[in-house]
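Coordinate inspection notes
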Amino acid sequence: MTSSAPLPMADLTADVSSDAAEGAESNGRKRPKPGERRVQILHALAAMLEQPGAERVTTAALAARLDVSEAALYRHFASKAQMFEGLIEFIEQSVFGLVNQLGEREPDAMARSRKLVALLLQFGEKNPGMTRVMVGDALVYENERLQQRMNLFFDKIESALRQNLREVAVVAGATTPTVDAQADASVVTAFCMGRLQRFARSGFKRSPNENLEHSLRLLLPDGRL
């Protein structure tokens, strides 16, 4: 696939209306610079996914939102699947960029785990359209490889938690640190996925961060072992 630059977090809900239409020069409107159209298409797709109860996004509806032809979309993306891959790239780069920063800045493994959960759920709340991609609701009728890629995303989240929690178990003198960390990471990852899914299926009314501190005290308490 053709790689796309990550979408700026603050621009995810940007208005991508007809003032950015293809062939805008003929109507006295400024033509987007090279590469800008791709970002605008992804903005529009993310914004459409943010509509509660939204049905499957079609290329016809996406083109209509941007006031361009469907053919214009395919000058920038080979397929709709590639458009979704652009959103998934943004999710991966944004979340794992923050996870890597945690690894560098937070020496305490338990605190690192708690902050990882918090940043993942905060990302979902700030980007509801992306949440529908993360939990698979937006991918139901799309190419199977997209769901497989999101599955891999959560596998990596679980792996990061497992590494952190094994460190906690070793320091605490657990007899089976690897087994304990694997089980705990699985539970915490399932919690995150459940919170994001509830957020999406509630029409974005139930915050994934609801009573988060209380939940983290149960799932990742200090002095647990």
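Please refer to the structure higher up on the page.
A brief look at the structure comes next. The model shown is predicted, which means the values in this text are computed figures rather than measured ones.

Each helix and strand counted, the protein chain has nine helices and zero strands in total. The buried share of the protein chain, reckoned over its 225 residues, is 48%. Split by element, the accessible area of the protein chain, about 11200 Å² in all, is 50% carbon and sulfur.

The phi torsion at Asp-67 lies on the positive side, around 60 degrees, for a residue other than glycine. Tracing the backbone shows Asp-67 in the loop between helix H2 (59-66) and helix H3 (70-73). Look at Phe-204: it is not a glycine, yet its phi comes out positive at around 70 degrees. As for its placement among the helices and strands, Phe-204 is situated in the loop between helix H8 (177-201) and helix H9 (212-219).

Next up on the list: the packing of aromatic side chains. Here the structure, examined in full by the defined rule, presents four aromatic pairs. Their ring planes at 40 degrees and their centres at 5.9 Å tell us that Phe-90 and Phe-123 sit as a pair that is tilted. Here Phe-90, found in helix H4 (residues 80-105), pairs with Phe-123, found in helix H5 (residues 109-126); they are 33 residues apart in sequence, far enough to count as distant. Phe-123 matches Phe-90 in its accessibility class, with the two residues each being buried. A centroid spacing of 5.1 Å and a plane angle of 85 degrees characterise the contact between Phe-153 and Phe-154, whose relative ring orientation is edge-to-face. Across this residue pair, the class does not change: Phe-153 and Phe-154 are buried. Every member of this aromatic cluster is reached through a ring pair, and the members are Phe-96, Phe-153 and Phe-154. When the ring centre of Phe-77 is taken as origin, the NZ or CZ atom of Arg-38, which lies over that ring, is 4.3 Å away.

Topologically, Leu-212 is positioned in helix H9. The buried category is assigned to Leu-212, whose relative accessible area is 9%. Along the chain, Leu-212 and Ala-118 lie 94 residues apart, while their C-alpha atoms are 7.8 Å from each other. Look past the residues within four positions of Leu-212 in its chain and what remains in contact with it is Val-117, Ala-118, Leu-121 and Phe-191.

Along an α-helix, residues three or four positions apart point the same way, because every turn accommodates 3.6 residues. Over its 25 residues, H8 extends 36 Å from the first C-alpha to the last, a length consistent with the 36 Å expected when each residue adds 1.5 Å. Taken residue by residue, H8 has Pro-177, Ala-181, Ala-185, Val-188, Thr-189, Phe-191, Cys-192, Arg-195, Leu-196, Phe-199 and Ala-200 as its buried positions. Those residues of H8 that are buried lie in contact with H5, helix H6 (128-134), helix H7 (144-171) and H9. Once H8 finishes, Gly-203 follows within two positions and takes phi at roughly 70 degrees, a positive value.

By size, the foremost hydrophobic cluster in this structure holds 62 residues, and its most contacted members are Val-117, Val-133 and Phe-153. A per-element tally of this core places H4 first, with 11 residues. Other than its neighbours up to four places away in sequence, Phe-153 contacts Ile-91, Glu-92, Val-95, Phe-96, Leu-120 and Met-134.

End to end, H5 covers 26 Å across 18 residues, agreeing with the expected 26 Å (1.5 Å per residue, within 8%). H5 sits mainly inside the fold: 13 of its 18 residues count as buried. Where H5 starts, the residue carrying a side-chain oxygen 3.2 Å from the main-chain nitrogen of Met-110 turns out to be Asp-108.

Rules behind the numbers
Residues numbered from 1 in each chain as written. Predicted model: local features only at pLDDT ≥ 70, side-chain atom pairs only at ≥ 80, totals over all residues. Heavy atoms only, no water. Helix = DSSP H or I, 4+ residues; strand = E, 2+ residues; numbered from the N terminus. Buried < 20%, exposed > 50% of the residue type's maximum accessible area, 1.4 Å probe, protein only. Areas by Shrake-Rupley, 256 points an atom, 1.4 Å probe, with all protein chains shown as cover. Phe/Tyr/Trp six-rings, centres within 6.5 Å; stacked < 30°, edge-to-face > 60°. Lys NZ or Arg CZ within 6 Å of the ring centre and 35° of its normal. Contact = heavy atoms within 4.5 Å. Expected span 1.5 Å × (residues − 1). Core = buried A, V, L, I, M, F, W, Y, C linked by side-chain atoms within 4.5 Å. Polar contact = N/O pair within 3.5 Å; in protein donor to acceptor, adjacent residues only side chain to side chain.

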